[in-house]
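Spelled out from the first residue to the last, the chains are:
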Amino acid sequence: MAALASSPPVSPWRLELVSDHKLKNSHITLTENTALIVGRNAEQADIVIAHDKISRKHAELLLLNGKLRVRDLNSINGTFVNGKAIKEAVIRHGDTLAFETIVFRLLCEQEGEQEGEQESQHVGAPDATQVSTAISPHQTLNTSQIERTAIRNASVSATQQVRVDLGFLIGKSPKFNQQSFPLPKTKVLIGRNANNDLHLDEVSVSAMHAELSYENGEWQLRDMGSINGTYVNGKRINAPTTIKSGYEIRIANVCLIYQLSYLQNKY
């Protein structure tokens with residue numbers, strides 16, 4: 001009697017999108033012994049991520065014997081595991097994998113019950129070949145200087161509509177004490193790598209550590225899978241958290257205070 005052909009087993013391994021990007025593939029199923037190319041170009045990549053920060057051939061994934069091997073393919077904006085830039089790494093259940101700022105989490109149904117029992121593997125070293133330019137820390141300004149600058153800018157023309165300032169961060173840690181970091185746009189990436197909008201050159205800070213986004217009239221702070229954590233008013237955050245004027249933000253060992261503009265626009 002002929003044996004019935006069996007269907008291939010469903011893989012328990014998948015990558016789940018955890019960052020706030022609108023992608024066609026919010027989850028990616030991984031199959032044993034099959035190499036997959038991640039990239040922007042549909043003709044060159046098996047997993048297509050249509051985003052301008054993704055290289056045409058960005059990275060290679062290979063699930064082998066229950067371990068996911070990741071290799072960066074000389075991408076421009078980098079591949080990150082648990083917030084650290086890597087060239088090649090092995091990752092496991094619960095780890096985060098980011099292609100530039102697009103972040104996935106590796107999940108395995110068979111190992112889900114063990115989540116939290118094992119510490120995530122921290123791998124890789126900062127990629128010295130990153131080509132994006134950092135925004136350098138701004139000069140130290142005292143309160144009176146900032147206020148005088150705001151008044152001078154606001155008085156250029158009484159008939160002109162003055163642009164709403166999104167506020168700024170003031171350093172409180174010794175290395176960044178009293179340095180002022182204006183928030184120039186509605187999404188600000190914070191980290192140790194030079195391609196972040198807010199570049200914090202401090203060893204305790206992850207390569208891609210956190211993100212500030214201005215939504216519905218207020219700032220939201222998100223941790224991006226950092227090693228040493230992101231804190232608001234002394235409490236470690238694991239979900240988007242609203243930031244208000246006077247709140248203390250701690251990026252690993254770097255303490256910052258968020259301040260609104262000294263002048264508010266009235267229409």
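Residues numbered from 1 in each chain as written. Predicted model: local features only at pLDDT ≥ 70, side-chain atom pairs only at ≥ 80, totals over all residues. Heavy atoms only, no water.

### Here's the deal with the overall build of the protein chain
When you go through the protein chain residue by residue, the secondary structure sums to one helix and 22 strands. Put simply, the protein chain has 267 residues, and 43% of those count as buried. Contacts in the protein chain between residues at least 24 apart in sequence constitute 47% of all its contacts with a sequence separation of at least 6. In the form shown here, the protein chain has an accessible surface area of approximately 15000 Å², with 48% of it arising from carbon and sulfur atoms. (Helix = DSSP H or I, 4+ residues; strand = E, 2+ residues; numbered from the N terminus. Buried < 20%, exposed > 50% of the residue type's maximum accessible area, 1.4 Å probe, protein only. Contact = heavy atoms within 4.5 Å. Areas by Shrake-Rupley, 256 points an atom, 1.4 Å probe, with all protein chains shown as cover.)

### What about the sheet that holds strand 17 (residues 218-223)?
The strands making up a sheet associate through hydrogen bonds between their backbones, and the pairing can be parallel or antiparallel. Pairing is mixed across the open sheet formed by five strands, whose spatial order is 15-14-16-17-20. Here the strands that pair on one side only, and so sit at the sheet edges, are strand 15 (198-199) and strand 20 (241-243). Across six bridges, strand 16 (residues 210-215) lies against strand 17 in antiparallel orientation. Bridging across to strand 17, Ala 210 finds its partner in Asp 223. (Pairing = 2+ DSSP bridges.)

### Describing the confidence of the model for the protein chain
When pLDDT is averaged across the protein chain, the result is 75; 72% of the residues are at 70 or more. Per-element confidence in the protein chain is highest for strand 18 (residues 230-232), whose mean pLDDT is 95, and lowest for helix 1 (residues 143-154), whose mean pLDDT is 45. Low pLDDT, under 50, characterises residues 1-8; the predicted model gives this stretch zero contacts beyond four residues in sequence or across chains. Every residue in residues 112-163 is under pLDDT 50, and counting partners more than four places away or in other chains gives 75 contacts. (pLDDT = per-residue confidence, 0-100.)

### Regarding the packing of aromatic side chains
Two numbers describe a pair of aromatic rings. These are the distance of the centres and the angle of the planes. Counted under the stated rule, the structure contains three aromatic pairs. For the pair Tyr 214 and Trp 219, a centre-to-centre distance of 5.2 Å together with 65° between the ring planes defines the contact as edge-to-face. What makes Tyr 214 partly exposed here is its relative accessible area of 30%. Its relative accessible area of 1% is what places Trp 219 among the buried residues. The lysine or arginine in question, Arg 250, covers the ring of Tyr 231, its NZ or CZ lying 3.9 Å from the ring centre. (Phe/Tyr/Trp six-rings, centres within 6.5 Å; stacked < 30°, edge-to-face > 60°. Lys NZ or Arg CZ within 6 Å of the ring centre and 35° of its normal.)

### Topic: the nonpolar core
Here is a general trend for soluble globular proteins: nonpolar side chains tend to be buried in one another's company. The biggest cluster of nonpolar side chains holds 26 residues, and the ones touching the most others in it are Leu 15, Leu 30, Leu 61, Leu 68, Phe 99 and Phe 104. Among the elements that line this core, the one with the most residues is strand 11 (residues 102-108), at four residues. In this structure, Phe 176, Phe 181, Val 232 and Tyr 258 belong to the second largest nonpolar core, which totals 23 residues. (Core = buried A, V, L, I, M, F, W, Y, C linked by side-chain atoms within 4.5 Å.)

### Notes on the pattern of salt bridges
Applying the stated rule across the entire model yields four salt bridges. For Glu 16, the salt bridge goes to Arg 14, with nearest N and O atoms at 2.7 Å. Overall, Glu 16 belongs to the partly exposed group, its relative accessible area being 23%. Looking at Arg 14, the relative accessible area reads 24%, which means it is partly exposed. In this structure, Glu 215 and Arg 222 form a salt bridge, with 2.9 Å as the shortest nitrogen-oxygen distance. (Salt bridge = Lys/Arg side-chain N within 4 Å of Asp/Glu carboxyl O.)

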